[in-house]
Amino acid sequence: MRLLALELILSLLDVRGHIPRFDDFRPAPVAPAPAGTVRALAAAIAVFAVLSLAIWATVWFATHLF
């Protein structure tokens, strides 16, 4: 289950299966693409939300356990 979730996240971020070779590199554009910035921001928010929920659930479980 854990591997499936990781593969889903990587495929949504469009990084799964991409291993660049030496001849795959092209000159970088002058300004970064706005879609890449939005995608990175969305990934950061998703990671922050998952970590926050995990910490909250751990504390909630610990307080209700005792």
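All values reported here derive from a predicted model rather than from experimental measurement. (Residues numbered from 1 in each chain as written. Predicted model: local features only at pLDDT ≥ 70, side-chain atom pairs only at ≥ 80, totals over all residues. Heavy atoms only, no water.)

Some points on the overall build of the protein
What counts here: A run of H or I in DSSP becomes a helix once it reaches four residues, and a run of E becomes a strand once it reaches two; helices and strands are each numbered from the N terminus. Remark: exposure states derive from per-residue accessible area (1.4 Å probe, protein chains only) relative to the maximum for the residue type, with buried under 20%, exposed over 50%, and partly exposed in between.
Counting its regular elements, the protein contains 2 helices and 0 strands. Across the 66 residues in the protein, those meeting the buried criterion constitute 0%.

A closer look at a nonpolar patch on the surface
The condition is simple: Each patch is assembled from residues with relative accessible area greater than 30% and no salt bridge, linking like charges that lie within 9 Å and nonpolar side chains (Val, Leu, Ile, Met, Phe, Trp, Tyr) that lie within 5 Å. We get accessible surface area from the Shrake-Rupley algorithm with a probe of 1.4 Å; when it comes to residues, only the shown protein chains can shield them. By convention in these notes, a salt bridge is any Lys or Arg side-chain nitrogen within 4 Å of a carboxyl oxygen on Asp or Glu.
A cluster of nonpolar residues, Leu53, Trp56, Trp60, Phe61, Leu65 and Phe66, forms a patch on the protein surface that exposes about 830 Å² of accessible area. Looking at the element boundaries, Phe66 is found in the segment after α2 (34-65). The class for Phe66 is exposed, based on a relative accessible area of 85%.

Describing the layout of surface pockets
To keep things clear, this is the line we draw: Cavity means a closed set of points on a 1 Å grid over the protein atoms alone, one where a 1.4 Å probe fits but cannot get out, pocket means an open set with protein on both sides within 12 Å along at least 5 of 7 lines, and lining means a residue has an atom within 4 Å of a point. Grid points are joined across faces, edges and corners, and a volume is the space filled by probe spheres set on the points. Ten residue types, Ala, Val, Leu, Ile, Met, Phe, Trp, Tyr, Cys and Pro, are classed as nonpolar, four, Asp, Glu, Lys and Arg, as charged, and the remainder, Gly among them, as polar.
By volume, the largest pocket is sized at about 200 Å³. As for the largest pocket, its lining consists of Ile9, Leu12, Leu13, Ala43, Ala46, Val47, Val50 and Leu51. Top contributing element to the lining of the largest pocket by residue count: α2, with 5 residues. When grouped by side-chain class, the residues that make up the lining of the largest pocket number 8 nonpolar, no polar and no charged.

Quick notes on the packing of aromatic side chains
Stated formally: Between the rings of Phe, Tyr and Trp (Trp by its six-membered ring), a pair exists once the centres lie within 6.5 Å; its type follows the angle of the planes, with under 30 degrees stacked, over 60 edge-to-face, and the other angles tilted.
On inspection of all chains with the given rule, the structure shows 1 aromatic pair. For the pair Trp56 and Trp60, a centre-to-centre distance of 6.4 Å together with 20° between the ring planes defines the contact as stacked. In this pair, Trp56 and Trp60 both sit in helix α2, 4 residues apart, roughly one turn of the helix. We classify Trp56 as exposed; its relative accessible area is 55%.

Description of the UniProt feature "transmembrane region" (unreviewed entry) in the protein
Test applied: UniProt positions are given in the numbering used here, feature names are shortened, and annotations may be inferred rather than shown by experiment.
Per the UniProt record, the feature "transmembrane region" (unreviewed entry) sits at residues 41-62. Secondary structure over residues 41-62 splits into 100% helix and 0% strand, and the C-alpha atoms at its two ends are 32 Å apart.

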